[in-house]
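Here is how the chains run, residue by residue.
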Amino acid sequence: MNKRQLAGFFVALMTHSRTDRGMRLTEFRTRCIPAGEIHEMVTTDQSDAVLGDKIDRVGYLGFAEIASGGVMEVGDPVRIAGTQIGRVLGFDDTHYPNHYNILIATDRLLTSQDIDVDVESPITFG
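In this report, the structure presented in the accompanying data block is examined. In every chain, residue numbers begin from 1 and rise along the written sequence. pLDDT decides what is reported in this predicted model: residues at 70 or higher carry local features, side-chain atom pairs at 80 or more are listed and counted, and totals for whole chains, interfaces and linings draw on all residues regardless. Hydrogens and water molecules were not included; the side-chain quantities draw on all heavy atoms of the structure.

**Some details on the side chain of Asp 92**
In step 1: Secondary-structure assignment places Asp 92 in strand S10 (residues 83–92).
In step 2: Buried within the structure, Asp 92 lacks any salt-bridge partner; its nearest side chain of opposite charge belongs to Arg 21, at an N-O separation of 5.0 Å.
In step 3: Counting of polar contacts relies on pairs of N or O atoms within 3.5 Å, with two restrictions inside protein: one atom must be capable of donating a hydrogen and the other of accepting it, and residues adjacent in sequence are counted only when both atoms are side-chain atoms. Of the polar contacts made by the side chain of Asp 92, one reaches the side chain of Thr 94; its length is 2.7 Å. Secondary structure elements follow DSSP: runs of H or I no shorter than four residues count as helices, runs of E no shorter than two count as strands, and numbering proceeds from the N terminus. Working definition: with a 1.4 Å probe on protein chains only, accessible area under 20% of the residue-type maximum means buried, over 50% means exposed, and in between means partly exposed. Positive charges are assigned to Lys and Arg, negative charges to Asp and Glu, while His and the chain termini are left out of the count. Salt bridges are identified by distance alone: a Lys or Arg side-chain nitrogen within 4 Å of an Asp or Glu carboxyl oxygen.

Structure, rendered in structure tokens:
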């Protein structure tokens, strides 16, 4: 898909991980994310998961406000301050419409303490 890059900034950081979370990837490969929305950024090492799968192993990065909205798609590269940390694995809508949990496939569980991220650090998708 030819599309504009989504971009935002972290507004809150999280530092914990879990191995029993029970998130579920929605059946959707894309989500429209309007500018101004805030969503939770969650890493997982369950990178072989497919839409509909349960995700238990998660690391929490925090919440990011989308400054430049657009279409987010499974497989989009995710960069924090210009460094790619993984790819969009999918979406969990447990807390929607408050926010999506955006699941990011990474080599290992990451929290905000594991990478160079601060409040106001930029994050991009695509």
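**With respect to the nonpolar core**
In step 1: Counting residues in hydrophobic clusters, the biggest one holds 22 residues, and the most contacted among them are Met 41, Leu 61 and Phe 125.
In step 2: Of all the secondary-structure elements, those providing two or more residues to this core are strand S1 (6–13), strand S7 (58–68), strand S9 (77–80), S10, strand S11 (101–105) and strand S12 (122–125).
In step 3: Contact definition: two residues touch when any of their heavy atoms are within 4.5 Å. In this structure Met 41 touches Phe 10, Gly 59, Tyr 60, Leu 61, Gly 62, Ala 64, Ile 102, Ile 104, Ile 123 and Phe 125, once residues within four positions along its chain are discounted.
In step 4: The next biggest cluster of nonpolar side chains, apart from the first, holds 11 residues, and it includes Met 23, Val 42, Ala 49 and Leu 103. Definition of nonpolar core: a set of buried residues of the types Ala, Val, Leu, Ile, Met, Phe, Trp, Tyr and Cys, connected through side-chain atoms within 4.5 Å.

**Side note on the pattern of salt bridges**
In step 1: Tallied over the entire structure, the rule returns 4 salt bridges.
In step 2: The partner of Asp 76 in a salt bridge is Lys 3, with the nearest N and O atoms 2.6 Å apart. Placement of the pair is Asp 76 in the loop between strand S8 (70–73) and S9 and Lys 3 in the segment before S1, with a sequence separation of 73 residues.
In step 3: For Asp 45, the salt bridge is made with Arg 57, and the minimal N-O distance between the two is 2.8 Å. Within this pair, whereas Asp 45 is found in the loop between strand S5 (38–44) and strand S6 (54–55), its partner Arg 57 is found in the loop between S6 and S7, the two being separated by 12 residues in sequence.
In step 4: For Asp 45, a relative accessible area of 26% gives the class partly exposed.

**Section: the environment of Thr 26**
In step 1: Of note, Thr 26 is situated in the loop between strand S3 (23–24) and strand S4 (30–33).
In step 2: By relative accessible area, which is 6% here, Thr 26 ends up buried.
In step 3: Between the C-alpha atom of Thr 26 and that of Phe 9, which follows or precedes it by 17 residues, the distance is 24 Å.
In step 4: Those residues within four positions of Thr 26 in sequence are excluded, and the remaining contacts are Leu 51, Gly 52, Phe 91, Asp 92 and Asp 93.

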